[in-house]
Amino acid sequence: MTEWGGDDSDLRARRASSFGAESETYDEHRPDYPITAVRWALEPVVDRTGPEVLDLGAGTGKLTGVVLAAGVRVRAVEPDAAMRATLRQRYPEVPTLVGTAESIPLPDDSVDAVVVGQALHWFNLSLAFPEIARVLRPGGVVAALWNANDISIEWVAELDRISRTRVSFEHRPEHELPAHPLFRPFERNGFPHSHRRTVESLTATIGTHSHTLVISAAERTEVLERIRSFLRGRPETGTGEFEMPLRTKVIRAVVN
């Protein structure tokens, strides 16, 4: 369970903790999530009166804002102080706590759903799943969401290839379905999404990905310039603003 998502544990730890120093850039350049994906994630508890949601590993609140837009009460847990500060500034009405997936600072049976945006693969699931099950009310749901480039489109697939660095994951954890005896089998769904970008802003977005944050300054400069040159040379992206095609992948499971 701890190896879900794969790759070297020390490198994973460095990648997982790399975002805080770039919290403002992360908040500016990372995409949000489609509300249709959030509604599907919360579908098992949507009929409850005033369901309460925990955004776990909430970062700067990219998912928090969409949960709010869906008309659901949400609180957030985030370990990184800089990310947490950005979230509190953006959504001062959201209770935001210091904590981790492996040690959630909430009492038993306190929320109807736990949602995780772009972060489940960083968790130690052997510890996180029991904690998530503990804070969920009976019949509650855990859901994880990832935004990924829509590599069914040729130029996007090529961008994905040239953006890789020496520490990129060999496989994508969002392609897998985890399992745990405390939860019913996970379900999977996918939703079209997009992110309005320019050459520079998309390069900046990729520059907030952990595989570009933990490499040397020289390699980072080389990778980002390679991306920038590619985007400038493509008819789809080289002349002003464009929609970056994304696919939002969602998995969900109801607690036993």
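This text gives an overview of the structure that appears in the document. (Residues numbered from 1 in each chain as written. Predicted model: local features only at pLDDT ≥ 70, side-chain atom pairs only at ≥ 80, totals over all residues. Heavy atoms only, no water.)

Quick look at unusual backbone geometry
No. 1: Residue D109 is not a glycine yet carries a positive backbone phi of 50°.
No. 2: Despite not being glycine, Q118 has its phi angle at roughly 60°, a positive value.
No. 3: Assignment of secondary structure puts Q118 in the loop between β4 (111–117) and α6 (125–135). (Helix = DSSP H or I, 4+ residues; strand = E, 2+ residues; numbered from the N terminus.)

Points about the environment of F191
No. 1: Relative to the helices and strands, F191 resides in strand β6 (residues 187–197).
No. 2: On a C-alpha basis, the gap between F191 and V250 in space is 8.1 Å, while along the polypeptide they are 59 residues apart.
No. 3: Here F191 is in contact with P34, T36, A37, W40, L246, R247, T248 and V250, once residues within four sequence places are set aside. (Contact = heavy atoms within 4.5 Å.)

What to know about the packing of helix α7 (residues 154–162) against helix α10 (residues 217–233)
No. 1: At their nearest, the axes of α7 and α10 sit 10 Å apart, and the two run at 160° to each other. Classified by the angle their axes make, α7 and α10 are roughly antiparallel. α10 is crossed by α7, and the crossing has right-handed handedness. For the pair α7 and α10, the contacting residues are W155, E158, L159 and I162 in the first and R226, I227, F230 and L231 in the second.
No. 2: Partitioning the contact of α7 with α10 into residue classes produces six nonpolar, no polar and two charged. (Axes fitted to C-alpha atoms, helices over the stretch in contact; angles between N-to-C directions. Parallel < 35°, antiparallel > 145°, perpendicular 65-115°, else oblique. Left-handed = near helix turned anticlockwise from the far one by under 90°. Nonpolar A, V, L, I, M, F, W, Y, C, P; charged D, E, K, R; others polar.)

Quick notes on the pattern of salt bridges
No. 1: A full pass over the atoms with the stated rule returns 19 salt bridges.
No. 2: Measuring nitrogen to oxygen at the nearest pair gives 2.7 Å for the salt bridge that ties R161 to E158. Linking R161 with E158, this pair stays in helix α7, spanning three residues, or about one helical turn.
No. 3: Look at R161 and you get exposed, because its relative accessible area is 51%.
No. 4: The class of E158 is partly exposed, set by a relative accessible area of 25%.
No. 5: E241 is the salt-bridge partner of R196, the closest N and O atoms lying 3.0 Å from each other. Taken together, the positions of R196 in strand β6 and E241 in the loop between α10 and β7 (242–254) put the pair 45 residues apart, joining distant regions of the chain.
No. 6: Owing to a relative accessible area of 44%, R196 belongs among the partly exposed residues under this scheme.
No. 7: Here the salt bridges share partners, and the residues they tie into one network are R48, E52, R73, R75, D112 and R137. (Salt bridge = Lys/Arg side-chain N within 4 Å of Asp/Glu carboxyl O. Buried < 20%, exposed > 50% of the residue type's maximum accessible area, 1.4 Å probe, protein only.)

A look at the side chain of H195
No. 1: The topology assignment puts H195 in strand β6.
No. 2: H195 sits in the buried class, given a relative accessible area of 12%.
No. 3: In this structure H195 touches H29, R30, P31, T205, F242, E243, M244 and L246, once residues within four positions along its chain are discounted.

Looking at the packing of aromatic side chains
No. 1: Applying the stated criterion across every chain, the model contains four aromatic pairs.
No. 2: Ring centres 5.3 Å apart and planes at 50° place the aromatic pair F129 and F183 in the tilted group. Note that F129 is positioned in helix α6 and F183 in the loop between α7 and β6, a separation of 54 residues in sequence.
No. 3: Classification of F183 as buried rests on a relative accessible area of 5%.
No. 4: Seen in terms of ring centroids, F129 and F186 are 5.8 Å apart; in terms of plane orientation they differ by 40°. Their pairing is tilted. Taken as a pair, F129 in helix α6 and F186 in the loop between α7 and β6 lie far apart in primary sequence, 57 residues in all. Per residue, the accessibility class of F129 equals that of F186, and both read buried.
No. 5: Linked through ring pairs, F129, F183 and F186 together constitute an aromatic cluster.
No. 6: The residue whose ring lies beneath R252 is W40, and the NZ or CZ to ring-centre distance is 3.9 Å. (Phe/Tyr/Trp six-rings, centres within 6.5 Å; stacked < 30°, edge-to-face > 60°. Lys NZ or Arg CZ within 6 Å of the ring centre and 35° of its normal.)

Quick word on the sheet that holds β7
No. 1: A sheet is described by the order of its strands in space; here seven strands give the open sequence β3-β2-β1-β4-β5-β7-β6, paired in mixed fashion. Strands with a single pairing partner mark the edges of an open sheet, and in this sheet they are β3 (96–97) and β6.
No. 2: Along the sheet, helix α3 (residues 35–42) makes contact with β1 (52–56), β4, β5 (136–149), β6 and β7, crossing β7 at roughly 5°. (Pairing = 2+ DSSP bridges.)

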